[in-house]
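Coordinate analysis (summary)
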Amino acid sequence: MSFISVFDVLGPNMVGPSSSHTAGAAVIAGLARKLIAPPLKRVDFTLYGSFAKTYHGHGTDRALLGGILGFDTDDLRIRESFRIANERGLTFAFTSNETETDLHPNTVDICMENAAGQVMTVRGVSLGGGKVKIVRINGVEVDFTGEYSALIVIHRDTPGVVAHITQVLSEHNVNIAFMRLFREAKGYTAYSIIESDGNLPDDISGQLRGNPNIRDVMLVQS
Amino acid sequence: MDFRSGAELLALCAREDCRISQVMRRRECALGETTDDEIRGRMSRVLEIMRESTARPIKTVQRSMGGLIGGEAQRLAAHAAQNRAICGPVLQRAVTYAMAVLEVNASMGLIVAAPTAGSSGVVPALLLALQEEYHIPDQRLLDGLFNAGAVGYLAMRNATVAGSVGGCQAEVGVAAAMAASAAVELMGGQPGQCLDAASTVLMNMLGLVCDPVGGLVEYPCQSRNAAGVANALVAAELALSGVPQLIPFDEMLAAMYNVGRRLPSELRETALGGCAATPAACQRCGGCG
């Protein structure tokens, strides 16, 4: 969404009590879960700043876990997310980090492990009003909001990969709204993030994986 | 069809000979690439959640997460039921509803952020109280919400609605400005009068700090929502009576934003000043350890 909608003003529809500490937390976790193949086995949350200080009274913990379970901001099951996670066999833990203070006040690290043993760590920031930003994936600085559909490609930092990605997108008639490239270091792992209006075609993932330099592809539909 | 300021909004209303709510609907359809039916459906859901959140605590007390509030709406309703309310029917109901919504919010119930969760009581409280007193149909109430949305959009675009940035004047203040503008349109006022009322609210709530006890969205937030409703009603009454407002909405919004940014951080949602730092609050909270 590229403009301030009337439903950004009168919204989100949400379980209280705080748009930044409850709704935003659920949105961050909801984005994080889309970055790893289900089912999840374990999730560890590390809370910073105001999240670390006031998470219990704001239900931030229940909202984060609810987001991981796939609940929207207005899903009352958020209140019961601890119980539901236990029933689904999902192990979870919360840690407060009050020593690192040079972060955005509402920051959380979400470390997820799925049944296949894959591990993925995502850092999200809650900006207020239910708006959020994902700022780090597996230690690499990134930047996307989930307001647009996002294609996240993990690949080797080597020539030709971006050309392959844009070729595939072009074949599917996808109009790129934003495209950014992030990398660990020259020649190591890189992340290409492409944001687009509307839904992205699901079959582009398989086609992108055809390139041997591409390690993983994630689609986060808006 | 878009506008970047109150002045541009009023120019559009004049050019198209329509109300603020109509401009906001058309803007949403154009920029959101959607239809009027679609947005009416979504706004009906907003109204439904709002109505439920004003009603539930009057029937059943909602205990808050932090334990600072719960049961206030029921007390107000009982007081009114004994014919002892001194506010008059619209304000009495509106105050009760505003307290109710914050009770739902603080107990992890379902609310609509309007524009934030901490200020979610003001808009539904005033619109639903007016509906009951003046028998306004739901379709018109939806117009009121679109009107309120226009004012809130301008505040989000050109200033802030975050207590952590601009204090409570930016949260409950903006919510009350939205409610006042919507009330003026619902009661037959002109677009200019709507924004006059919004401006008056921001003027009268200028400087209000954000100082939640224990950092929780409970106290004084709940009571401030009730006070926001009263401010909205006063401003709407002034505007509908034709009392002129010297300062245009855009200038008052800028003034609010400037004051907000100058507030020390202790008075912007950090729970380090104001009400939150009083001995009574500290004794109750015990959060600093």
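Here the residue numbering is sequential within each chain, running from 1 through the sequence in written order. Chain letters and ligand numbers both follow the written order, the letters beginning at A and the numbers at 1. Since the coordinates come from a predicted model, pLDDT governs what is reported: local features require at least 70, and pairs of side-chain atoms require 80 or more to be given and counted, while whole-chain, interface and lining totals use all residues. In computing side-chain properties, one takes all heavy atoms of the structure into account and sets aside hydrogens as well as water.

**Points about the overall build of chain A**
Operational definition: Think of it this way: any DSSP run of H or I at least four residues long counts as a helix, any run of E at least two long counts as a strand, and we number them from the N terminus. The reference for a compact globule is 2.2 Å times residues^0.38; the radius of gyration itself is calculated from the C-alpha atoms. Contact definition: two residues touch when any of their heavy atoms are within 4.5 Å. Using a 1.4 Å probe, the Shrake-Rupley method yields the accessible areas, and only the shown protein chains count as cover for residues. The convention is simple: Lys and Arg are positive, Asp and Glu are negative, and His and the chain ends are not counted. Each charge is placed at NZ for Lys, CZ for Arg, CG for Asp and CD for Glu.
Assigned secondary structure in chain A consists of 7 helices and 11 strands. Here the C-alpha radius of gyration of chain A, 17 Å, is about what a compact globule of 222 residues would show, namely 17 Å. Expressed along its principal axes, the backbone C-alpha trace of chain A runs to roughly 50 × 40 × 35 Å. Here the analysis covers contacts within chain A between residues at least 6 apart in sequence; of these, 66% occur between residues at least 24 apart. For chain A, the accessible surface area stands at approximately 9300 Å², while carbon and sulfur atoms represent 48% of it. Across chain A, 20 positive and 24 negative side-chain charges occur, with their mean positions spaced 3 Å apart.

**Considerations on the packing of helix α4 (residues 72-81) of chain B against helix α5 (residues 89-106) of chain B**
Residues and elements named next belong to chain B. This is how it is decided: Axis definition: a line fitted to C-alpha atoms, limited for helices to the stretch in contact. Angles are taken between N-to-C directions and run from 0 to 180 degrees. Each angle gets one of four labels, with under 35 degrees taken as roughly parallel, over 145 as roughly antiparallel, 65 to 115 as roughly perpendicular, and the rest as oblique. For a crossing to be left-handed, the near helix must be turned anticlockwise from the far one by less than a right angle; the clockwise case is right-handed. As a working rule, the residues Ala, Val, Leu, Ile, Met, Phe, Trp, Tyr, Cys and Pro are called nonpolar, Asp, Glu, Lys and Arg charged, and the rest polar, with Gly in that last group.
Viewed as axis vectors pointing N to C, α4 and α5 meet at an angle of 160°, and their least axial separation amounts to 8 Å. Put simply, α4 runs roughly antiparallel to α5. Judged by the sense of rotation from one axis to the other, the crossing of α4 with α5 is left-handed. Here α4 contributes E72, A73, L76, A77 and A80 to the contact with α5, which in turn contributes Q92, V95, T96, M99, A100 and E103. For the contact of α4 with α5, the residue count by class is 7 nonpolar, 2 polar and 2 charged.

**Some points on α5(B)**
Residue and element names in this part refer to chain B. To keep it simple, the criterion reads: To estimate how far a helix should extend, the number of its residues minus one is multiplied by 1.5 Å. Only protein chains enter the calculation, and the probe is 1.4 Å; a residue is then buried if its accessible area is under 20% of its type maximum, exposed if over 50%, and partly exposed in between.
When the terminal C-alpha atoms of α5 are compared, their 26 Å separation across 18 residues agrees well with the 26 Å that a helix rising 1.5 Å per residue should span. For α5, a buried count of 16 out of 18 residues is recorded, marking the element as mostly surrounded by other parts of the structure. Backbone geometry just downstream of α5 places M108 in the positive-phi region, at approximately 60°.

**What to know about helix α10 (residues 191-204) of chain B**
Residue and element names in this part refer to chain B. Between its first and last C-alpha atoms α10 spans 20 Å; for 14 residues at 1.5 Å apiece the expected length is 20 Å, and the two agree. Along α10, the residues that are buried comprise P191, C194, L195, A197, A198, S199, T200, V201 and L202. The secondary structure elements touched by the buried residues of α10 are α1 (6-16), α2 (20-31), α7 (138-158), α9 (168-186), α11 (221-240) and α12 (249-262).

**Quick look at the pairing of strand β11 (residues 214-220) of chain A**
Residue and element names in this part refer to chain A. We count it as follows: Think of it this way: DSSP has to see at least two bridges between two strands before they count as a pair.
Counted residue by residue, β11 has 5 buried out of 7 residues, so it is predominantly covered. In this sheet, β11 lies alongside strand β8 (residues 149-156) in antiparallel orientation, the contact comprising 6 bridges. Following the sheet pairing, I154 is matched in β11 by D216.

**Examining the environment of C221(B)**
Residue and element names in this part refer to chain B. Here C221 shows up in helix α11. Its relative accessible area of 16% is what places C221 among the buried residues. Along the chain, C221 and A106 lie 115 residues apart, while their C-alpha atoms are 10.0 Å from each other. Those residues within four positions of C221 in sequence are excluded, and the remaining contacts are L102, G118, P212 and L216.

**Side note on the packing of α1(B) against α10(B)**
Residue and element names in this part refer to chain B. Packing of α1 against α10 brings their axes to within 9 Å, and their N-to-C directions diverge by 160°. On the basis of their axis angle, the class for α1 and α10 is roughly antiparallel. Of the two possible hands of crossing, α1 and α10 adopt the one that is right-handed. For the pair α1 and α10, the contacting residues are G6, L9, L10 and C13 in the first and P191, G192 and L195 in the second. Among the residues forming the contact of α1 with α10, the class breakdown is 5 nonpolar, 2 polar and no charged.

**Considering a nonpolar patch on the surface**
All names here are of chain A. Where we set the bar: The patches described consist of residues with a relative accessible area above 30% and no salt bridge, like charges being joined within 9 Å and nonpolar side chains (Val, Leu, Ile, Met, Phe, Trp, Tyr) within 5 Å. What counts as a salt bridge is simple: a side-chain nitrogen of Lys or Arg found within 4 Å of a carboxyl oxygen of Asp or Glu.
Together, V162, I176, M179 and L181 make up a nonpolar patch on the protein surface, roughly 280 Å² of accessible area in all. Considering each element in turn, the nonpolar patch owes the most residues, 3 residues, to strand β9 (residues 176-183). Counting through the fold element by element, I176 comes out in strand β9. Residue classification places I176 among the partly exposed positions, given a relative accessible area of 31%.

**Digging into the state of the cysteines**
All names here are of chain B. The following threshold applies: Any two cysteine sulfur atoms lying within 2.5 Å of each other are counted as a disulfide.
Applying the stated rule across the entire model yields 0 disulfides over all chains. Of all cysteine sulfurs, the one in C13 lies closest to C18, which takes part in no disulfide; the gap is 5.1 Å. Take C87: it sits in no disulfide, and the sulfur closest to it among the cysteines is that of C168, at 19 Å. Look at C87 and you get partly exposed, because its relative accessible area is 43%.

**What to know about the sheet that holds β8(A)**
Residue and element names in this part refer to chain A. Sheet architecture is open: 4 strands sit in the order β9-β10-β8-β11, paired in antiparallel fashion. What marks the edges here is a single partner per strand, and that holds for β9 and β11. Put simply, the sheet's adjacent strands are angled 15° from each other on average, direction ignored. Relative to strand β10 (residues 189-196), β9 runs antiparallel, the two sharing 7 bridges. In the strand pairing of β10, M179 is matched with I194. On top of the sheet, helix α6 (residues 161-171) reaches β8, β9, β10 and β11; it is set at about 145° to β8, its chief contact.

**Brief notes about the confidence of the model for chain B**
Note the threshold: Every residue carries a pLDDT, the predictor's confidence in it, which falls somewhere between 0 and 100.
Overall, the predicted model of chain B reaches an average pLDDT of 96, with 99% of residues at or above 70. Reported confidence for the predicted complex is 0.96 by ipTM and 0.93 by pTM.

**Points about unusual backbone geometry**
Cis geometry is found at the peptide bond from P38(A) to P39(A), where omega equals 0°. The topology assignment puts P39(A) in the loop between α2 (19-33) and β2 (40-48). The amide bond that connects A114(B) to the next residue, P115(B), takes the cis arrangement and shows omega of 0°. Positionally, P115(B) belongs in the loop between β1 (110-112) and α6 (122-134). The backbone phi angle of E33(B) is positive, close to 50°, even though this residue is not glycine. Residue position: E33(B) is located in the loop between α2 and α3 (36-59). Residue E33(B) is classed as exposed on the basis of its relative accessible area of 75%. At M108(B), a residue that is not glycine, the phi angle is positive and equals roughly 60°. Residue position: M108(B) is located in the loop between α5 and β1. Residue class for M108(B) comes out buried when judged on its relative accessible area of 0%.

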